[in-house]
Amino acid sequence: MRRGRFIAFEGGEGAGKSTQAKLVANALREQGLEVIQTREPGGTPGAEAIREMLLHPPGNGWQARAEALLFAAARADHVEQVIRPALEAGTWVVCDRFLDSSRAYQGGGGGLPDADILALHRIGSAGLLPDLTLLIEVLPAEVAERLARRDCGLADAIGGRDASFHAEVGAAFARIADAEAERFARIDGNGTLEETHWQVMQALAPLLDGNP
Ligand code: TMP
């Protein structure tokens, strides 16, 4: 049986990843593929419990190292229980965020060395990488407008960090995508849902043809 393909969506807050992940999962199903749509942090009961601790932390919250370890632990559970078994069974996996979010948020935003985040991923998930990572990029003014509509001032512990943190996150995503261009597609997310979805499907075409 042919191994499934692993597709991840990445980007800052309000980029529209979740909506695009859903549209892609449906489009792939319409082509007759078995597809699961999942998210990080989350995707298993244990990882969803860690998500709750990360986004609504007890006490004074987590410092960057503890936060990175918790994300890596949630990812390890998700990879072992859901992602690897699905890929081995020939199922495509569409995941809203993966390792590059840790590199951008805990690395770029939180100041941890990229090599440390990669080491945690090696330990937790044997270094699994998506076949294709779609980085959705949106201009800051458009993001601010979308977040005001989405969160109504009730952002979580990470989404609610200041603009300079999120600027570092965006810069880190761009740096990683430039340095590892062969596994990324950069998508302009400023247009309509349909325009963005069209670009995403174009980027996926080589995987569907079977020659990435
Ligand atoms: P979400 O809102 O896209 O579901 O993601 C939850 C938050 O967690 C978002 O602010 C990004 C953050 N995050 C990290 O900081 N590191 C990670 O590794 C992941 C997966 C998410």
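Predicted, not measured: the structure shown is a model, and the values here were computed from it.

1. Details of the sheet that holds strand E5 (residues 184–188)
So, step 1. Read across the sheet, five strands follow the order E2-E3-E1-E4-E5 without closing on themselves; strand pairing throughout is parallel. Among the strands making up the open sheet, the edge pair consists of strand E2 (35–39) and E5. Between one strand axis and the next, the sheet turns through 20° on average, direction left out of account.
So, step 2. The sheet contact formed by strand E1 (residues 6–10) and strand E3 (residues 92–96) spans four bridges and is parallel. Opposite Phe9, over in E3, you have Asp96 as the bridge partner.
So, step 3. Its contacts with the sheet place helix H8 (residues 193–208) against E1, E3, strand E4 (132–137) and E5, and it is angled at close to 160° to E5.

2. Overview of the packing of helix H3 (residues 64–88) against helix H4 (residues 99–109)
For any two helices packed against each other, the geometry is given by the interaxial angle and the distance between the axes.
So, step 1. One way to put it is that H3 packs onto H4 with a least axis distance of 11 Å and a crossing angle of 175°. By the angle between their directions, the pair H3 and H4 is classed as roughly antiparallel. Taken together, the residues of H4 that come into contact with H3 (itself represented by Ala64, Glu67, Ala68, Phe71 and Arg75) are Leu99, Ser102 and Gln106.
So, step 2. Of the residues contributing to the contact of H3 with H4, the split by class is four nonpolar, two polar and two charged.

About the cut-offs
- Residues numbered from 1 in each chain as written.
- Predicted model: local features only at pLDDT ≥ 70, side-chain atom pairs only at ≥ 80, totals over all residues.
- Heavy atoms only, no water.
- Pairing = 2+ DSSP bridges.
- Helix = DSSP H or I, 4+ residues; strand = E, 2+ residues; numbered from the N terminus.
- Axes fitted to C-alpha atoms, helices over the stretch in contact; angles between N-to-C directions.
- Contact = heavy atoms within 4.5 Å.
- Parallel < 35°, antiparallel > 145°, perpendicular 65-115°, else oblique.
- Nonpolar A, V, L, I, M, F, W, Y, C, P; charged D, E, K, R; others polar.

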